[in-house]
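One letter stands for each residue in the lines below.
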Amino acid sequence: AQKVTQAQTEISVVEKEDVTLDCVYETRDTTYYLFWYKQPPSGELVFLIRRNSFDEQNEISGRYSWNFQKSTSSFNFTITASQVVDSAVYFCALSNTGGFKNIFGAGTRLFVKA
Amino acid sequence: GAGVSQSPRYKVAKRGQDVALRCDPISGHVSLFWYQQALGQGPEFLTYFQNEAQLDKSGLPSDRFFAERPEGSVSTLKIQRTQQEDSAVYLCASSISGGNYEQYFGPGTRLTVT
């Protein structure tokens, strides 16, 4: 069975702190894709990153970075020097066998306080 | 507009009424997805279209739910004889091709069944 687990329900940090959001996935596929999406208070999910299972290189985009480790089935997301505008719910997702759909985790709600 | 649009944004239905939710995907996107998002949860897959073909409807909760995309662009999700448990946000997303690519989400339709 395929599954995505985001064990952190809510995280609260003070502005400028670094924060890591955890994502653990389960799949028997050898080829799969992982995603992170952001859902701000306005409600619309916004795509952040896509990573395929053969590319374990970490990625950095501005204050965002992602750490993909197949050995632990994890795809963690770090925000460096957090800002109030980072406050949102963040979802990790996994493409299913056949690539017809994404399986989402329950999300982590991040509060960044000024 | 360049994004995915959905209408209506909010819908209140009395139990037993039929509702129709519309999705306009990004022009040229072959794949279209419907998800249901309950409060505090991640999106749950409902159904998937590749052009006009409905390739996966395994997530539709009952035979009261029906989706179509007759010309391979606009899609409609219809719920017959609505029940209170149908209350949720219904999200539409489109992608270039399949679930292995990033999905672009619409703002959702919040359905409340009274």
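Shown above is the structure to which this text applies.
Nothing here was measured: the structure is a model prediction, and the numbers come from that model.

Engineer: Just to check I follow, could you spell out the overall build of chain A for this structure?
Structural biologist: Regarding its fold elements, chain A presents zero helices and 12 strands. The order of α-helices and β-strands along chain A, N terminus first, is β-β-β-β-β-β-β-β-β-β-β-β. Compactness check: chain A gives a C-alpha radius of gyration of 14 Å against a globular reference of 13 Å for 114 residues, within 12% of the reference. Across its three principal axes, chain A shows a C-alpha extent of roughly 45 × 25 × 20 Å. Looking at chain A as a whole, 46% of its 114 residues are labelled buried. In chain A, 55% of the contacts between residues at least 6 apart in sequence involve partners at least 24 apart.

Engineer: Where do I start with the overall build of chain B in this structure?
Structural biologist: When helices and strands are tallied, chain B shows zero helices and 11 strands. Listing each helix as α and each strand as β along chain B from the N terminus yields β-β-β-β-β-β-β-β-β-β-β. Compactness check: chain B gives a C-alpha radius of gyration of 13 Å against a globular reference of 13 Å for 114 residues, within 12% of the reference. Summarising its shape, the C-alpha atoms of chain B cover approximately 35 × 25 × 25 Å along the three principal directions. Looking at chain B as a whole, 48% of its 114 residues are labelled buried. Taking as baseline every contact in chain B between residues at least 6 positions apart, the subset at least 24 positions apart corresponds to 53%. Approximately 5,400 Å² of chain B is accessible, and the part contributed by carbon and sulfur atoms is 46%. Here chain B holds 11 positive side-chain charges and 11 negative ones, and the gap between their average locations is 9 Å.

Engineer: Looking at this structure, how should I read the sheet that holds strand β3 (residues 19–24) of chain B?
Structural biologist: All names here are of chain B. On the basis of which strands lie adjacent, the open sheet formed by four strands has the order β1-β3-β8-β7 and antiparallel pairing. Every interior strand has two partners, whereas the edge strands, β1 (5–7) and β7 (65–68), have only one. Each neighbouring strand pair of the sheet contributes to a mean axis angle of 15°, computed without reference to strand direction. Both β3 and strand β8 (residues 75–79) contribute to a ladder of five bridges, which runs antiparallel. Bridging across to β8, L21 finds its partner in L77.

Engineer: Would you mind showing me how to read the pattern of salt bridges here?
Structural biologist: Note that side chains of opposite charge can pair when their charged atoms are close. All names here are of chain A. Taken as a whole, this structure holds six salt bridges over all chains when the rule is applied. The residue R63 makes a salt bridge to D86 at a minimum N-O spacing of 2.8 Å. With a gap of 23 residues between them, R63 in the loop between β7 (59–61) and β8 (64–69) and D86 in the loop between β9 (74–79) and β10 (88–95) connect regions that are remote in the sequence. For R63, a relative accessible area of 24% translates into the label partly exposed. We classify D86 as buried; its relative accessible area is 1%. When salt bridges with common partners are traced through the structure, they connect R51, D55 and E59 into a single cluster.

Engineer: Help me understand the state of the cysteines, please; the structure alone is not making it clear to me.
Structural biologist: Two cysteines form a disulfide when their sulfur atoms are joined by a covalent bond. Counted under the stated rule, the structure contains two disulfides over all chains. A sulfur-sulfur separation of 2.0 Å characterises the disulfide bridge that pairs A:C23 with A:C92. On the sign convention where negative is left-handed, the bridge of A:C23 and A:C92, at about -65° about the S-S bond, is left-handed. In this pair, A:C23 is assigned in the loop between β3 (19–21) and β4 (24–26) and A:C92 in strand β10, connecting sequence segments 69 residues apart. This pair shows no difference in class: A:C23 is buried, exactly as A:C92 is. Put simply, B:C23 and B:C92 are joined by a disulfide, and their sulfur atoms are 1.8 Å apart. Between B:C23 and B:C92 the sulfur-sulfur dihedral comes to about -65°; the bridge is accordingly left-handed. One end of the pair, B:C23, is in strand β3; the other, B:C92, is in strand β9 (residues 88–95), with 69 residues separating them in the sequence.

Cut-off values and rules
- Residues numbered from 1 in each chain as written.
- Chains lettered and ligands numbered in written order.
- Predicted model: local features only at pLDDT ≥ 70, side-chain atom pairs only at ≥ 80, totals over all residues.
- Heavy atoms only, no water.
- Helix = DSSP H or I, 4+ residues; strand = E, 2+ residues; numbered from the N terminus.
- Rg over C-alpha atoms; globule rule 2.2 N^0.38 Å.
- Buried < 20%, exposed > 50% of the residue type's maximum accessible area, 1.4 Å probe, protein only.
- Contact = heavy atoms within 4.5 Å.
- Areas by Shrake-Rupley, 256 points an atom, 1.4 Å probe, with all protein chains shown as cover.
- Lys, Arg positive; Asp, Glu negative; His and termini not counted.
- Charge placed at Lys NZ, Arg CZ, Asp CG, Glu CD.
- Pairing = 2+ DSSP bridges.
- Axes fitted to C-alpha atoms, helices over the stretch in contact; angles between N-to-C directions.
- Salt bridge = Lys/Arg side-chain N within 4 Å of Asp/Glu carboxyl O.
- Disulfide = S-S within 2.5 Å.

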